[in-house]
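Close look at the chain arrangement
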Amino acid sequence: SDVCSSDLKTKKYIIIPLIISLFGEVYFYPFESQFKFSVGIIILNLCILMMDDMSELMLSFLCGLGVFIIRIFLGVLMFHNGIIFAIVSNFPSLMYYLIYGVLVKITKVKIYKEQIVNTILLFTLIDSLSNLFESVMRNDINSNIIRVIILAGIIRSSITYLAYVTYNKQKLFIL
């Protein structure tokens, strides 16, 4: 039984970050800059809230690594960027996910998951701080970017919580 649950957990640590990394490529640029917002973080947040058996730090790290590798691969093959340029330009995205995971762990957001305001506020704070750090690393920060970062954090956190509540209601209905 332990081998079976260990095997399942390993598969989850491969499949979930892969899915989130792919959704990390669905993004938009809010204004003329290198800064992009992806929908992958919404799915990461949902996994953090729903999967108590997974380390949010490990999950965030693997997602960041997946996004980093995919963006390097796409940069080199599709956009004909040099490998060094692709690595350097995508490294801040990896750092975003690492900081995100550390902040999720430090804030213990999972223990507040049944409290809508606390969960949305914490995810907004975590998302905003991680994005601010990424923006500083890209040397692409101003008051307009800060406002957009906070707004995006609020929107993504609210969408996450709405999806989480919907999931729980559906689960309850099935029971």
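Here is a short report on the structure shown in this document. (Residues numbered from 1 in each chain as written. Predicted model: local features only at pLDDT ≥ 70, side-chain atom pairs only at ≥ 80, totals over all residues. Heavy atoms only, no water.)

**Quick word on the packing of aromatic side chains**
This model, assessed by the stated rule, comprises 4 aromatic pairs. Arranged with centres 6.3 Å apart and planes meeting at 75 degrees, the rings of F68 and F91 form a pair that is edge-to-face. Here F68 is found in helix α3 (residues 56-77), whereas its partner F91 is found in helix α4 (residues 83-107), with 23 residues between them in sequence. On the basis of relative accessibility, which here comes to 35%, the residue F91 falls in the partly exposed class. (Phe/Tyr/Trp six-rings, centres within 6.5 Å; stacked < 30°, edge-to-face > 60°. Helix = DSSP H or I, 4+ residues; strand = E, 2+ residues; numbered from the N terminus. Buried < 20%, exposed > 50% of the residue type's maximum accessible area, 1.4 Å probe, protein only.)

**Topic: the nonpolar core**
Ranked by internal contacts, the top residues of the largest apolar core, which has 26 residues, are L44 and Y100. With 7 residues, the single largest contributor to this core is helix α2 (residues 40-50). Filtering out sequence-adjacent residues up to four positions away, Y100 remains in contact with I41, L44, N45, I48, S60, F123, I126, D127 and S130. Counting residues in each nonpolar core, the second largest holds 5 residues, with F37, I145, V148 and I149 among its members. (Core = buried A, V, L, I, M, F, W, Y, C linked by side-chain atoms within 4.5 Å. Contact = heavy atoms within 4.5 Å.)

**Considerations on helix α1 (residues 2-23)**
Along its 22 residues, α1 runs 31 Å from first to last C-alpha, staying within 8% of the 32 Å computed at 1.5 Å per residue. Y13, I16, P17, I20 and S21 are the residues of α1 that are buried. Looking straight down α1, one finds its buried side chains confined to an arc of 130 degrees; they lie on one side. Facing away from the buried side of α1, by more than 90 degrees, are the exposed residues V3, C4, L8, I14 and L22. For α1, the secondary structure elements touched by its buried residues are α2 and α3. (Expected span 1.5 Å × (residues − 1). Arc of directions from axis to C-beta.)

Structural measurements only, silent on function.
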